[in-house]
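Remarks on the overall topology
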Amino acid sequence: MKKDILNHHFTVRFIVDSTMTAILDNNQIHPVCSTVTMVYYAELAARKAIEPFFEGDDQAIGGGISITHNGMAMVGETVSMTATIQSFDGKVLICDIMAGIDKTDEIVCRGTQTQIVLAQTKIDALIEKAKVRSGS
């Protein structure tokens, strides 16, 4: 990984549509942006924040996510999800996550996302081990 990555950020904007609402067991629970959707866009923003810093065989895998979804984004509203690289110890990389509704500055989600930086060859070996275990 390249150096000087702290505080680099990336923002993903998305418009909430009906497929992104809180739907469980094929039933819409609430007509607002779901936590699952927030997690997806948090993961995407974090990935986009670190990609410019990969070198050679660098790659990363998800190591965890923790978000607090404390506001509602309605269908049709635009949400900006920003991931900011907070720390990196040479292996574990943590991004701060924040999402807000455009035009209102209302924060609807905060948290952290963790990625483990490994060589692609190491990830490939881990995938092969999982394939053997599962019989795939």
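Counting from 1, residues in each chain are numbered in the order their sequence is written. Residues qualify for local features only when their pLDDT is at least 70, as the model is predicted, and side-chain atom pairs are given and counted only at 80 or more; totals for whole chains, interfaces and linings, by contrast, use all residues. The basis for the side-chain values is all heavy atoms of the structure; hydrogens and waters are excluded.

Quick look at the packing of aromatic side chains
Each pair of aromatic rings taken from Phe, Tyr and Trp, with Trp reduced to its six-membered ring, is defined by centres within 6.5 Å and is described as stacked if the planes are under 30 degrees apart, edge-to-face if over 60, and tilted in the remaining cases. This structure, assessed with the given rule, holds two aromatic pairs. A ring pair is formed by Phe14 and Tyr41, whose centres lie 3.9 Å apart and whose planes are at 10 degrees; its orientation type is stacked. Of this pair, Phe14 sits in strand β1 (residues 9-15) while Tyr41 sits in helix α1 (residues 35-50), and the two are 27 residues apart along the sequence. Residue class for Tyr41 comes out buried when judged on its relative accessible area of 14%. Summarising the aromatic geometry, the rings of Tyr40 and Tyr41 are spaced 4.9 Å apart at their centres and angled 90 degrees between planes, so their arrangement reads as edge-to-face. Remark: exposure states derive from per-residue accessible area (1.4 Å probe, protein chains only) relative to the maximum for the residue type, with buried under 20%, exposed over 50%, and partly exposed in between. Judged by relative accessible area, which is 49%, Tyr40 ranks as partly exposed. These aromatic residues form a ring-pair network of at least three members: Phe14, Tyr40 and Tyr41. Under the scheme used here, helices are H or I runs from DSSP no shorter than 4 residues and strands are E runs no shorter than 2 residues, and both carry numbers assigned from the N terminus.

Digging into helix α2 (residues 120-134)
Multiplying 1.5 Å by the helix residue count minus one yields the expected span of that helix. Along its 15 residues, α2 runs 21 Å from first to last C-alpha, staying within 8% of the 21 Å computed at 1.5 Å per residue. A positive backbone phi angle near 80 degrees is found at Gly135, which sits one or two residues after α2.

Purely geometric numbers; function is a separate question.
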